[in-house]
Amino acid sequence: MAKQHDYTSLIEWTGDRGQGTKTYSGYDRTWTIATPGKPPVPCSNDPLLGGDPTLHNPEDLLLSSLSACHMLWYLHLASVAGIVVRGYRDQPIGVGESTADGAGRFLSATLKPHIRVERGADLAKADAIHHEIHKVCFIARSVNFPVTYAATYEEAAD
């Protein structure tokens, strides 16, 4: 039987410039994410929609969550398979679309991990692990768009 998990977060708008939402251009699209026991994360809307380009936006956070979940499962499954990972870096790309009325959605995401493995590792086995992750990754199993990967590998020098 599956176990249910609860996740909590506090999202608090910080963009009131003194007049609230009296006018569309009179407020900032900023907020903080607060999760119990963790530092707050300042956020903003996508810059295409008037947000602060120096802050994380929901699209950044979704793509980053997807990538991080994949990475954590990869590390776990590699360990179980005897593949020693010495470094992991991902630069995922999410493709989105916006319609004339402002609605948007992700169409796809491609994870592009660069994985450093111990010298002599079975790279075919290391690559095959990616195919198993979408069966178990919480985030990948929750999104409604295709997620693919294009991994590269290098052997660690030491």
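The sections below set out a description of the structure shown in this document.

Parameters at a glance
In every chain, residue numbers begin from 1 and rise along the written sequence. A pLDDT threshold of at least 70 governs which residues receive local features in this predicted model, and a stricter bar of 80 or more applies before side-chain atom pairs are shown or counted, although totals over entire chains, interfaces and linings include all residues. Each side-chain value is worked out from all heavy atoms of the structure, with water and hydrogens disregarded. A pair of strands counts as paired when DSSP detects no fewer than two bridges linking them. Secondary structure elements are defined from DSSP: runs of H or I of at least 4 residues count as helices, runs of E of at least 2 residues count as strands, and each element is numbered from the N terminus. Each axis is a line fitted through C-alpha atoms, and for a helix only the stretch in contact is used; angles between axes span 0 to 180 degrees, taken between their N-to-C directions. For every residue, the accessible area (1.4 Å probe, protein chains only) is compared with the maximum for its type, and the residue is labelled buried under 20%, exposed over 50%, or partly exposed between those bounds. Should a side-chain nitrogen of Lys or Arg be within 4 Å of a carboxyl oxygen of Asp or Glu, the pair is scored as a salt bridge. Only Phe, Tyr and Trp rings take part, Trp by its six-membered ring, and two of them pair if their centres are within 6.5 Å. Stacked means planes under 30 degrees apart, edge-to-face means over 60, and tilted covers everything else. Two thresholds decide whether a charge sits over a ring: the Lys NZ or Arg CZ must be within 6 Å of the ring centre and within 35 degrees of the ring normal.

With antiparallel pairing, three strands are arranged side by side in an open sheet as β1-β2-β3. The open sheet has two edge strands with one neighbour each: β1 (10-13) and β3 (41-44). Ignoring which end each strand starts from, the neighbouring axes of this sheet average 30° apart. Relative to strand β2 (residues 30-34), β1 is paired through four bridges, and the arrangement is antiparallel.

Tracing the chain through its elements places Gln19 in the loop between β1 and β2. The exposure class of Gln19 is exposed, given its relative accessible area of 52%. Distance from Gln19 to Val117, taken between C-alpha atoms, is 55 Å for residues 98 residues apart in sequence.

Attention now moves to the pattern of salt bridges. Applying the stated criterion across every chain, the model contains four salt bridges. Here Arg119 makes a salt bridge to Glu155, at a shortest N to O gap of 3.7 Å. Taken together, the residues Arg119 in the loop between β7 (113-117) and α2 (123-133) and Glu155 in strand β9 (residues 152-155) connect sequence positions 36 residues apart.

Tallied over the full model, the rule gives five aromatic pairs. Geometrically, the ring pair formed by Tyr74 and Tyr88 is tilted, given 5.9 Å between the ring centres and 45° between the ring planes. A residue pair is termed long-range when its members are at least 10 positions apart, and Tyr74 in helix α1 (residues 58-81) and Tyr88 in strand β4 (residues 85-90) qualify at 14 residues. Relative accessible area serves as the criterion here: at 0%, Tyr74 is assigned to the buried category. A connected cluster of aromatic rings, assembled from ring pairs, spans Trp13, Tyr24 and Tyr27. Note that Arg29 overlies the ring of Tyr24, its terminal NZ or CZ placed 4.3 Å from the centroid.

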